[in-house]
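Read off the chains here:
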Amino acid sequence: MMIFAVFGNPISHSVSPRLHNLALGELGLSREALYTRYELADGSQLISKFKELKLSGANVTVPHKEAALAQCDIADETAAKIGSVNTLVSRDDKIYGYNTDAPGFLRAIEDFGQINSALILGAGGTARAVAYALKSRGVRVCVLNRSEGRLANFAEYENFSWANFAEFKGGKFDLVVNTTSAGLKDENLPAPTELLRPIFDEAKFAFDVIYGKKTPFLNLAAASRLAHKDGSEMLLFQAVLALNLFFDGSLDEAKIQASMQKALRLG
Ligand code: NDP
């Protein structure tokens, strides 16, 4: 039996077990594989727990993605550049680390069409994944954060611009992405309205990584008549890619996607 899990803290809200188990069932794999969740308080225990539970693979969510990168045996190039791992795969006694948030985000914005420039709000782990993904497509990226500290995360990235709210000079961007948790458990915008409104007036698309909720950010985007979406497709695609990595790319992605889409609707 292959066992997979998602590690995080908290983890009880995670929809990953529902997505993966429905897909495993519909792919005819439920007799040989199951997916569960594990609340892990101490990130330094991540890989020892992975081994103790005899897992074949795992997903890693807040706040352990950086610990996953530090502790895996072999990190793929994208994960290493982003600085975080959200998917672990056990292969030949080694644990491999991947980041499927970045390609998941790219798939989620595919139907927006051509994007030449983007403003990313927030400078945490998700901002790094989104920024890396956009840069890989040749998009001009600016990162905007309320405080200075985490902007240092972008100092080693080439061809990025970044600013805190006080220093920001504005500009014209095709896409605006909210990667902060503003709006998740509150009704806050990720940046002051007077800063966002002129940006939205010139933009074409808005994307919020928060899913399952019409956030103030998305409401403002709608009021500014921007094409917009929440983070549910990013969540979906990062999971589709992760499940296929657990099986070394041997599964049919279209089938995984159809099952996981159904599982998301069941929520
Ligand atoms: P981090 O803690 O690494 O970063 C959070 C960032 O948000 C920081 O830059 C912080 O600024 C900023 N921030 C937090 N609160 C506010 C606020 N009220 N106003 C303005 N800025 C704020 O978080 P992550 O990057 O790990 O996660 C961010 C979000 O992305 C979470 O909500 C998570 O659930 C979601 N996510 C969604 C995914 C999906 O598949 N849809 C995938 C991965 C993550 P400062 O530096 O000043 O503290």
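Residues numbered from 1 in each chain as written. Predicted model: local features only at pLDDT ≥ 70, side-chain atom pairs only at ≥ 80, totals over all residues. Heavy atoms only, no water.

Turning to the site of the ligand, a few remarks are in order. In the vicinity of the ligand lie 23 residues, with Ala123, Thr126, Arg146, Ser147 and Val209 positioned nearest. At 3.1 Å from a nitrogen atom of the ligand is found a main-chain nitrogen or oxygen belonging to Gly231. For the ligand, the accessible surface in isolation is 950 Å², of which the surrounding protein chains cover 80%. Among the elements of the structure, helix H6 (125-136) and helix H9 (232-246) are those that each provide at least two residues to the shell around the ligand. (Near = heavy atom within 4 Å. Polar contact = N/O pair within 3.5 Å; in protein donor to acceptor, adjacent residues only side chain to side chain. Areas by Shrake-Rupley, 256 points an atom, 1.4 Å probe, with all protein chains shown as cover. Helix = DSSP H or I, 4+ residues; strand = E, 2+ residues; numbered from the N terminus.)

Packed helix pairs are characterised by how far apart their axes lie and by the angle those axes make with each other. Close contact between H9 and helix H10 (residues 253-265) brings their axes to 9 Å; oriented N to C, the two are set at 135°. Relative to H10, H9 is oriented oblique. Of the two elements, H9 crosses H10, and the hand of that crossing is right-handed. Residues Ser232, Leu235, Leu236, Phe237, Ala239, Val240, Leu241, Leu243 and Asn244 of H9 touch H10, and the partners they reach there are Glu253, Ile256, Gln257, Met260, Gln261 and Leu264. Within the contact of H9 with H10, the residues separate by chemical class into 10 nonpolar, 4 polar and 1 charged. (Axes fitted to C-alpha atoms, helices over the stretch in contact; angles between N-to-C directions. Parallel < 35°, antiparallel > 145°, perpendicular 65-115°, else oblique. Left-handed = near helix turned anticlockwise from the far one by under 90°. Contact = heavy atoms within 4.5 Å. Nonpolar A, V, L, I, M, F, W, Y, C, P; charged D, E, K, R; others polar.)

For the rest of this paragraph, the subject is the nonpolar core. Inside soluble globular proteins, nonpolar side chains tend to come together where they are buried. One finds Phe105, Leu134, Leu175 and Phe207 to be the most contacted residues of the largest nonpolar core, which totals 54 residues. Of all the elements, H9 adds the most residues to this core, at 8 residues. Excluding anything up to four places from it in sequence, Leu175 contacts Phe105, Ile109, Phe112, Ile115, Ser117, Ala118, Leu119, Leu134, Phe205, Ala206 and Phe207. Ala203, Ala206, Phe217 and Leu226 belong to the second largest nonpolar core, which has 20 residues in total. (Core = buried A, V, L, I, M, F, W, Y, C linked by side-chain atoms within 4.5 Å. Buried < 20%, exposed > 50% of the residue type's maximum accessible area, 1.4 Å probe, protein only.)

Summarising the element assignment, Asp230 is placed in the loop between strand S12 (227-229) and H9. Of the polar contacts made by the side chain of Asp230, one reaches the backbone nitrogen of Gly212; its length is 2.9 Å. Of the polar contacts made by the side chain of Asp230, one reaches the side chain of Ser232; its length is 2.6 Å.

Inspection of every chain in the model, using the stated rule, returns 10 salt bridges. For the salt bridge of Asp248 with Arg91, the shortest nitrogen-to-oxygen distance reads 2.8 Å. Of this pair, Asp248 sits in the loop between H9 and H10 while Arg91 sits in strand S5 (residues 87-91), placing them 157 residues apart in sequence. The residue Glu233 makes a salt bridge to Lys229 at a minimum N-O spacing of 2.9 Å. Since its relative accessible area comes to 30%, Glu233 is described here as partly exposed. Overlapping salt bridges bring together Asp111, Lys229 and Glu233 as one network. (Salt bridge = Lys/Arg side-chain N within 4 Å of Asp/Glu carboxyl O.)

The terminal C-alpha atoms of H9, which comprises 15 residues, lie 21 Å apart, in line with the 21 Å expected from a rise of 1.5 Å per residue. Regarding H9, the residues found buried are Met234, Leu235, Leu236, Phe237, Gln238, Ala239, Val240, Leu241, Ala242, Leu243, Asn244 and Phe246. Backbone geometry just after H9 places Asp248 at a positive phi near 55°. (Expected span 1.5 Å × (residues − 1).)

Our next topic: the sheet that holds strand S9 (residues 160-164). Pairing is parallel in the open sheet, where 6 strands are placed in the order S9-S8-S7-S10-S11-S12. Of all the strands in the sheet, the pair left with one neighbour each is S9 and S12. Within the sheet, the average angular offset between the axes of one strand and its neighbour, ignoring direction, is 15°. Alignment of strand S7 (residues 117-121) against strand S10 (residues 175-178), held across 4 bridges, turns out to be parallel. For Ile120, the partnering residue across the bridge sits in S10 and is Val177. (Pairing = 2+ DSSP bridges.)

Counting buried residues along strand S1 (residues 2-8), 5 of its 7 residues qualify, which places the element largely inside the surrounding structure. Pairing of S1 with strand S2 (residues 33-39), which is carried by 7 bridges, proceeds in the parallel orientation. Paired with Val6 across the two strands is Arg37, which belongs to S2. For the crossover that starts at S1, traverses helix H1 (residues 16-26) and ends in the parallel S2, the hand is right-handed. Note: S1 against strand S3 (residues 57-60), 4 bridges, orientation parallel. In the sheet register, Phe7 faces S3, and the bridge partner there is Val60. (Right-handed = clockwise from strand over helix to strand, strands pointing away.)

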